[in-house]
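# Working through the structure, step by step
Each chain is listed here by its residues.
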Amino acid sequence: MRKLRDRLAVIACGCMIVWPPDAAAQSPAPSGRHGDGHAEHHDWYKDLRQPDTGSRCCNGAADGKTGDCRPAPAERGADGTYRVWDGREWLVVPRSKIIVMPTPDGGTHLCETYGRVFCFILDDDRRGLPSQ
């Protein structure tokens, strides 16, 4: 019986090393997909304005299609151009759509519809995103 208890203790210790206790608490990376993560930050998105037009970032419209804001992975190209993942493809971010300000989660956020970027929000501390 003691050998069984010792073996179980070794297995339990091994599981704790392989699976840290806070692993389940870590949030997954943003998918960039339309709607994913929008609700968590809606109160913040609703007041954002497009830098070039003054129109809203959240619920902006293009050709009758309503846009959506959400967390999205992004990278900075060697040429300094930002690209953001919309859940389907990498979109080039027009410079006129970049907003640099603190974000609720310290990440990058995208407001777009059908490939048209309304706003790309870059946290102050993330200006130097990894290059491609």
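Everything quoted here is computed from the prediction, not taken from an experiment. (Residues numbered from 1 in each chain as written. Predicted model: local features only at pLDDT ≥ 70, side-chain atom pairs only at ≥ 80, totals over all residues. Heavy atoms only, no water.)

### What about the overall build of the chain?
The condition that has to hold: Elements are defined by DSSP. Helices are runs of H or I of four residues or more, strands are runs of E of two residues or more, and each kind is numbered from the N terminus. We call two residues in contact whenever any of their non-hydrogen atoms come within 4.5 Å of each other. Here the accessible surface of atoms and residues is derived via Shrake-Rupley with a 1.4 Å probe, and residues count as covered only by protein chains that are part of the display.
Of the regular secondary structure elements, the chain holds 2 helices and 9 strands. Mapped in sequence order, the helices and strands of the chain form the string α-α-β-β-β-β-β-β-β-β-β. Residue pairs at least 24 apart in sequence account for 57% of intrachain contacts in the chain once pairs closer than 6 positions are excluded. Total accessible area computed for the chain in this model is approximately 8400 Å², and 55% of it derives from carbon and sulfur atoms.

### Some thoughts on the nonpolar core
The tendency in soluble globular proteins is for nonpolar side chains to be buried as a group. Convention followed: Working definition of a nonpolar core: buried Ala, Val, Leu, Ile, Met, Phe, Trp, Tyr and Cys residues. They are joined through side-chain atoms within 4.5 Å. With a 1.4 Å probe rolled over the protein chains alone, any residue whose accessible area is under 20% of its type maximum counts as buried; one over 50% counts as exposed, and the rest are partly exposed.
By size, the foremost hydrophobic cluster in this structure holds 11 residues: Trp 44, Tyr 45, Leu 48, Cys 57, Cys 58, Cys 69, Ile 99, Cys 111, Phe 118, Cys 119 and Ile 121. When contributions to this core are tallied by element, the ones reaching two or more residues are helix H2 (38–45) and strand S9 (116–122). Per-element tally for this core: the top contributor is S9, with 3 residues. In terms of nonpolar packing, the next biggest core, distinct from the first, is built from 10 residues, Ala 72, Val 84, Val 117 and Phe 120 among them.

### Regarding the sheet that holds strand S3 (residues 68–71)
Strands in a sheet are paired, the pairing made by backbone hydrogen bonds, and the direction either parallel or antiparallel. Rule in force here: Strand pairing requires that DSSP identify at least two bridges connecting the strands. A fitted line through C-alpha atoms represents every axis, and for helices the fit uses only the stretch in contact; the resulting angles, taken between N-to-C directions, go from 0 to 180 degrees.
Taken together, 4 strands build an open sheet; the order of strands is S3-S8-S9-S7 and the sheet is mixed. Either end of the sheet is taken by a strand with one partner, and the two such strands are S3 and strand S7 (98–100). Between one strand axis and the next, the sheet turns by 20° as a mean value, whatever way the strands run. Looking at chain direction, strand S8 (residues 109–113) and S9 are connected through 5 bridges and run antiparallel. Each bridged residue has a counterpart across the sheet, and for Cys 111 the counterpart in S9 is Cys 119.

### Structural notes on the packing of aromatic side chains
What counts, and what does not: Note on aromatic pairs: the rings of Phe, Tyr and Trp (six-membered ring only in Trp) are paired at centre separations within 6.5 Å, and the planes decide the class, stacked below 30 degrees, edge-to-face beyond 60, tilted for the rest.
Scanning the entire structure with this criterion turns up 3 aromatic pairs. Judged by centre distance (5.6 Å) and plane angle (40°), the rings of Tyr 82 and Phe 120 are tilted. With Tyr 82 in strand S5 (residues 82–85) and Phe 120 in strand S9, this residue pair connects regions lying 38 residues apart in the sequence. Using a relative accessible area of 7% as the deciding quantity, one classes Tyr 82 as buried. Relative accessible area serves as the criterion here: at 0%, Phe 120 is assigned to the buried category. Ring plane angle 55° and centroid distance 5.5 Å describe the contact between Trp 85 and Trp 90, whose orientation is recorded as tilted. Of the residues examined, Trp 85 reaches a relative accessible area of 25% and is grouped as partly exposed.

### Thoughts on the environment of Ile 98
Within the element layout of this structure, Ile 98 appears in strand S7. Linking Ile 98 and Tyr 82, residues 16 residues apart in sequence, is a C-alpha distance of 9.0 Å. Apart from the residues lying within four places of it in its own chain, the contact partners of Ile 98 are Pro 51, Tyr 82, Val 93 and Phe 120.

### Topic: the state of the cysteines
The criterion, for reference: In this description, a disulfide is simply a cysteine sulfur pair whose atoms lie within 2.5 Å.
Counted according to the given criterion, the structure contains 2 disulfides. In the chain, the cysteines engaged in disulfides, taken in order along the sequence, are linked 1-4, 2-3. A disulfide-free cysteine, Cys 58 has its sulfur positioned 4.5 Å from the sulfur of Cys 69, the nearest such atom. Relative accessible area serves as the criterion here: at 2%, Cys 58 is assigned to the buried category.

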